[in-house]
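So the chains spell out like this:
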Amino acid sequence: MQRKLIVAAVIIGLVVVYFLVTGPGFRETKLSTTPATESASLGVAPEFTLTDMQGVPVSLSQHRGKVVFLNFWSTWCPPCKEEMPSMEALYQGFKEGDFVMLAINVQEDGKEAVEQFLKEVPVNFPILLDSTQDVASLYKVYGLPHTFIIDRDGKIVESVTGALDWNSPQVVQYISSLMKTR
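Now for a look at the structure at hand. (Residues numbered from 1 in each chain as written. Predicted model: local features only at pLDDT ≥ 70, side-chain atom pairs only at ≥ 80, totals over all residues. Heavy atoms only, no water.)

Moving on, we come to the sheet that holds strand β1 (residues 49–52). Spatial strand order, β2-β1-β5-β4-β3-β6-β7: seven strands in an open sheet with mixed pairing. With partners counted over all chains shown, the strands left at the sheet margins are β2 (57–59) and β7 (156–161), one partner each. Across the sheet, the mean angle from the axis of one strand to that of its neighbour is 30 degrees, orientation sign disregarded. Alignment of strand β4 (residues 99–105) against strand β5 (residues 127–129), held across three bridges, turns out to be parallel. The partner of Asn105 across the bridge, within β5, is Leu129. (Pairing = 2+ DSSP bridges. Helix = DSSP H or I, 4+ residues; strand = E, 2+ residues; numbered from the N terminus. Axes fitted to C-alpha atoms, helices over the stretch in contact; angles between N-to-C directions.)

Have a look at this one:
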């Protein structure tokens, strides 16, 4: 229990510092401009299983062979809320292909908080619950929002802390290039 409180306090502190330093608004999009076939891996994405909002278990491994957008967030995080509409737009643009978006909420009261949040900001992509923050710790998430882009081979090719406009032309082009590689 004490570990969870310490992790939560660190995450909250980092989010507050990030927001104070960057202020409102999206950061400049900073994804690799290297073609996907040449991009360096940041390592194999650790396996996990979490439940979605309906209580159904979802594992990362069940999405092998697809490009995975893995986002850690919280309803109390202003930059997290800010990027949700652009995440929804990106999801809508790629959901018919080999693309998966998983948003992992890291709150202890995640299910209740997310249900309230979705009334204000409805999204259609899957939301998973990590109330123990075990998966956030596994991925070494120290600030929110934090997004990992995982290629078809299960390798992390991007790691971004902070809110981005995920539907920007640069991001769309980058995801498209990852989807074309086999």
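Okay, back to it.
For the structure shown, the criterion picks out one disulfide. Each sulfur in the disulfide pair Cys77 and Cys80 lies 2.4 Å from the other. Classification of the bridge connecting Cys77 and Cys80 rests on its S-S torsion, roughly 80 degrees, and on that basis the disulfide is right-handed. Take Cys77 and Cys80: they sit in the same class, and that class is buried. (Disulfide = S-S within 2.5 Å. Buried < 20%, exposed > 50% of the residue type's maximum accessible area, 1.4 Å probe, protein only.)

Let us look at the side chain of His146. Residue placement: His146 occurs in strand β6 (residues 146–150). Look at His146 and you get buried, because its relative accessible area is 7%. Only 2.8 Å separates the side chain of His146 from the side chain of Thr161, close enough to count as a polar contact. Not counting residues up to four positions away in its chain, the partners in contact with His146 are Leu70, Asn71, Phe72, Val141, Ser159, Val160 and Thr161. (Polar contact = N/O pair within 3.5 Å; in protein donor to acceptor, adjacent residues only side chain to side chain. Contact = heavy atoms within 4.5 Å.)

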